[in-house]
Amino acid sequence: MTKHLLSAGDLSREQAIEILDIAEGMSNVNDREIKKLPTLRGKTVVNLFFEDSTRTRISFEVAEKRLSADVINFSAKGSSVSKGESLKDTAQTLEAIGADAVVIRHSASGAANVLAHSNWIQGSIINAGDGTHEHPTQALLDAFTMRKRIHGAQSPGKALDGVKVAIVGDILHSRVARSNQLLLSTLGAEVHFVAPPTLLPQNASGFKAALHYNLDEMLATEKPDVVMMLRLQAERMNASYFPTEREYARIWGFNAGRLGALKDSAIVMHPGPMNRGLEIDAVTADSPRSTVLEQVTNGVSIRMAVLYSLLSGERSADV
Ligand code: ASP
């Protein structure tokens, strides 16, 4: 593994499968009564969150603690960042403290890359979401969730060859969609983006995904194995991208009717937080086909696997 995890595109197929395999071992640890490994004893991991987060922040913290790391949580609110301290000064402070790894979430696309390529800090940098750019651990936990549902809980060495994945909704603002198309195509899956033209990037030619503008037509013709609904990211919208929320829910929301149109084995995913009643209705969100909570559980195992891969060096995983 490389020193940092900045983009899902940095992982080769072998590296991605290896992380999924390690996560499988970690999920066995998470099922034990004592959910703890000594792997990162003596290592200091800083969670540096400049943007709000529930699942990702908690998940990283649990993962770090289960691997016995010393954990420092640093959120921009209530720190000197709110007094105007720059990313450079913050990073240099963390370096002086002796951070072995920094998990960073920032509203600016590229923030994690800036840290990794600066000489402000020597430790590993893990991108936990940078603006509309990438969220590689989300893509890994999504791939892990698909692999478990499709191939079974213990399926070491398996990829996602031929699996058809529809990613639906606010692609334009979604780092989840960007990271997923990279990782899923590396793992052999076939990715389809489905969105109104206003919520697709103007130049989508670089994406490893087929584009569709009609959800029902796409579901009927492609019969996807996985449907991933994206949150409408109102906080990143500076213009009007669709007429009304009601109309969006009708045309683009996943509901009981669309659930019934899927093939029996298909699953519905959502990275959270969900706008219930907008991009996904309660029947879908709470149905056995929905993997929303499994994704959260799998997120802990994936983050343990990533931390282990980046930080443990020659130490044994002891799983
Ligand atoms: N939690 C994911 C992210 O941070 C998805 C979302 O916020 O819609 O990108």
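From a predicted model like this one, the values you see are computed outputs, not experimental measurements.

Hydrogen bonds along the backbone pair up the strands of a sheet, which may run parallel or antiparallel. One open sheet accounts for four strands, arranged E2-E1-E3-E4; its pairing is parallel. The open sheet is flanked by strand E2 (70–75) and strand E4 (124–130), the only strands paired with a single partner. Taken over all neighbouring pairs, the strand axes of this sheet differ in orientation by 15° on average, direction set aside. Examined bridge by bridge, strand E1 (residues 44–49) and E2 share six bridges and lie parallel to one another. Following the sheet pairing, Phe49 is matched in E2 by Ser75. Helix H2 (residues 55–66) rests against E1, E2, strand E3 (101–106) and E4 of the sheet, and its axis sits at about 175° to E1. Where helix H3 (residues 87–97) meets the sheet, its contacts fall on E1, E2 and E3, and the angle it forms with E1 comes to roughly 165°.

Surrounding the ligand, one finds Arg105, His135, Arg175, Val176, Arg231, Gln233, Pro271, Gly272 and Pro273. Contact distances for the ligand include 2.7 Å between an oxygen atom and a side-chain N or O atom of Arg231. Across the complex, the protein chains shield 93% of the 260 Å² of accessible surface that the ligand would expose by itself. Tallied by class, the residues present in the shell around the ligand amount to three nonpolar, three polar and three charged.

Rules used in this analysis
- Residues numbered from 1 in each chain as written.
- Predicted model: local features only at pLDDT ≥ 70, side-chain atom pairs only at ≥ 80, totals over all residues.
- Heavy atoms only, no water.
- Pairing = 2+ DSSP bridges.
- Helix = DSSP H or I, 4+ residues; strand = E, 2+ residues; numbered from the N terminus.
- Axes fitted to C-alpha atoms, helices over the stretch in contact; angles between N-to-C directions.
- Contact = heavy atoms within 4.5 Å.
- Near = heavy atom within 4 Å.
- Polar contact = N/O pair within 3.5 Å; in protein donor to acceptor, adjacent residues only side chain to side chain.
- Areas by Shrake-Rupley, 256 points an atom, 1.4 Å probe, with all protein chains shown as cover.
- Nonpolar A, V, L, I, M, F, W, Y, C, P; charged D, E, K, R; others polar.

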